[in-house]
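Structure assessment
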Amino acid sequence: MSLIADLDALLAEAQGLLAAAADSATVEALRAKYIGRKGILPEMMGRLAGLTPAEKPEAGKAVNRAKTGVQAALDAAVERLGGGARAGHAVDVTLPGRQRTLGRKHPITLVLDDTVAIFRRMGFLVAEGPEIETVYNNFDALNTPDDHPSRDPQDTFYFPDGRILRTQTSPVQIRVMQTTKPPIRIVCPGRVFRRDTPDATHGMNFHQIEGLYVDRNVTLADLKGTMAEFARELCGADAKIRFRPHFFPFTEPSVECDFSCIICGGKGCRVCKQSGWLEIAGAGMVNPKVFTSCGIDPEEWTGYAFGFGIERIAMIRYAINDLRLLYENDVRFLHQF
Ligand code: DAH
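Right, let's walk through the structure included here. If you're wondering where the values come from, they're calculated on a predicted model, not measured in any experiment.

**Examining the site of the ligand**
Contacts to the ligand come from 15 residues, most closely from Gln168, Ser170, Arg194, Gln208 and Glu210. Structurally, the ligand is housed in the largest pocket. Looking at the shell around the ligand, the elements with two or more residues in it are α7 (170–179), β5 (205–215), β8 (277–286) and β9 (302–309).

**A word on the packing of aromatic side chains**
Within this structure, the stated rule accounts for 14 aromatic pairs. On the basis of an interplanar angle of 65° and a centroid distance of 6.4 Å, the ring pair of Phe124 and Phe306 is categorised as edge-to-face. Placement of Phe124 in the loop between α5 (107–121) and β1 (125–126) and of Phe306 in strand β9 is noted, with a sequence separation of 182 residues between them. The burial state of Phe124 is the same as that of Phe306; both residues are buried. Measuring from centroid to centroid gives 5.4 Å for Phe306 and Phe308, while their planes differ by 75°, and the two rings are edge-to-face. Just as Phe306 is buried, Phe308 falls in that class too. Taking NZ or CZ as reference, Arg185 lies 5.9 Å from the ring centre of Phe124, over its face.

**Some points on the pattern of salt bridges**
For the structure shown, the criterion picks out 20 salt bridges. Residue Arg175 is joined to Glu133 by a salt bridge in which the shortest nitrogen-to-oxygen separation is 2.5 Å. Of this pair, Arg175 sits in helix α7 while Glu133 sits in strand β2 (residues 132–133), placing them 42 residues apart in sequence. Given a relative accessible area of 29%, Arg175 falls into the partly exposed group. Across the salt bridge formed by Arg151 and Asp146, the nearest N and O atoms sit 3.9 Å from each other. The exposure class of Asp146 is exposed, given its relative accessible area of 69%. Three or more residues joined by partner-sharing salt bridges are found here, namely Arg242, Arg244, Glu256, Asp258 and Glu279.

**So, the pairing of strand β4 (residues 184–193)**
With respect to burial, β4 is a largely interior element, eight of its ten residues being buried. Bridging between β1 and β4 involves two bridges; their strand directions are parallel. Across the sheet, Leu125 pairs through a bridge with Ile186, a residue of β4. Bridge count for β4 against β5 is ten bridges, and the pairing is antiparallel.

**Details of the sheet that holds strand β7 (residues 251–260)**
Taken in spatial order, the seven strands line up as β1-β4-β5-β9-β8-β7-β6 in an open sheet, and their pairing is mixed. If you trace the sheet from one side to the other, it starts and ends with β1 and β6 (241–248), each paired once. The sheet strands contacting α5 are β1, β4, β5 and β9, and the helix crosses β5 at an angle near 5°.

**Notes on the nonpolar core**
Membership of the largest hydrophobic core comes to 45 residues, with the highest contact counts inside it found for Met227, Phe306 and Phe308. In contact with Phe308, other than residues within four places in its own chain, are Phe119, His207, Gln208, Ile209, Met227, Phe230, Phe259, Ile280, Ala281 and Ile313. Counting residues in hydrophobic clusters, the runner-up holds 23 residues, among them Leu7, Met44, Val63 and Ala77.

**Considering the packing of helix α1 (residues 2–20) against helix α2 (residues 24–35)**
Remark: α1 packs on α2, axes separated minimally by 10 Å, with the N-to-C direction vectors making an angle of 170°. Classified by the interaxial angle, the pair formed by α1 and α2 is roughly antiparallel. Within the contact between the two elements, α1 uses Leu10, Glu13, Ala14, Leu17 and Leu18 and α2 uses Val27, Leu30, Lys33 and Tyr34. Considering only residue class, the contact of α1 with α2 consists of seven nonpolar, no polar and two charged.

Definitions and cut-offs
- Residues numbered from 1 in each chain as written.
- Predicted model: local features only at pLDDT ≥ 70, side-chain atom pairs only at ≥ 80, totals over all residues.
- Heavy atoms only, no water.
- Near = heavy atom within 4 Å.
- 1 Å grid on protein atoms, 1.4 Å probe; cavity = no way out; pocket = protein on both sides within 12 Å on 5 of 7 lines; lining within 4 Å.
- Sits in = over half its atoms within 2 Å of the grid points.
- Helix = DSSP H or I, 4+ residues; strand = E, 2+ residues; numbered from the N terminus.
- Phe/Tyr/Trp six-rings, centres within 6.5 Å; stacked < 30°, edge-to-face > 60°.
- Buried < 20%, exposed > 50% of the residue type's maximum accessible area, 1.4 Å probe, protein only.
- Lys NZ or Arg CZ within 6 Å of the ring centre and 35° of its normal.
- Salt bridge = Lys/Arg side-chain N within 4 Å of Asp/Glu carboxyl O.
- Pairing = 2+ DSSP bridges.
- Contact = heavy atoms within 4.5 Å.
- Axes fitted to C-alpha atoms, helices over the stretch in contact; angles between N-to-C directions.
- Core = buried A, V, L, I, M, F, W, Y, C linked by side-chain atoms within 4.5 Å.
- Parallel < 35°, antiparallel > 145°, perpendicular 65-115°, else oblique.
- Nonpolar A, V, L, I, M, F, W, Y, C, P; charged D, E, K, R; others polar.

Remember, this is a structural readout, not a statement about activity or role.
Pasting the structure below:
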């Protein structure tokens, strides 16, 4: 039968030529000639279809013999001519190595890390609490009135079991005061959630850092000193702070704390809307009702608390004008930090 004879002759011819090949270009040309897509062997295999069923088994065996034989002769030739370095695929050892891109810290993490480090140097310990909280810890124990709008399902994410995604890091104060005897000096960094429509300055989740100091004879002056020191550490020796009266249910008196503008140093610019000041934190003296709800005697203990938005500090520090940039994970943005 001629196909079998042809195949055996083809194998013998290929073996002879490959054994004599003097360079890898010749070997590659022979590879294409015999087993390439338009090579002789694939073409001969097409002829199998025209055989009778009785002829097919023997012819099939001859095809396999030719295929493995040619492949083995190719491998042997490649090996003989310097192993693996096929024509056009030679390894160029003078090429520079491939650069791996290094990961880096996200701007939120940078601000959180710096903020925590500053407070740790001032003697604060880090406390953390869960993101899923009870209404009691997030609102009731913090003296939030029953009809306060922040409790509304329009503003707060409720679970079917009545628990919520915490809307602030203040409930960590409650957890720590319920379980720790004063003196207490903690900061509580973490993620919080509010049912806002996302825009340039609002997100459905963001980060806060809460501070709490409880001891005997703590005064508003201690709070002011701590805030001023924090502002200097974060923004430089010339940074100033000011307090404006405000209201929070969990502190009395309550203040909003402004920092002199990080961008213009207080002269007035677009970021501070020409005022020279940036609203940074809420703070105040711990409301006696909050102490009582945690089993701490307000006649014996006093304290201050404060809360910052981390995204706000990051946006000012890095001159970011849209909060959403912080969550899109676009490497062109992240690469800049
Ligand atoms: N929890 C407040 C908020 O989310 C921030 C805050 C204000 C925290 C005053 C405090 C504080 O501890 O004393 O707006």
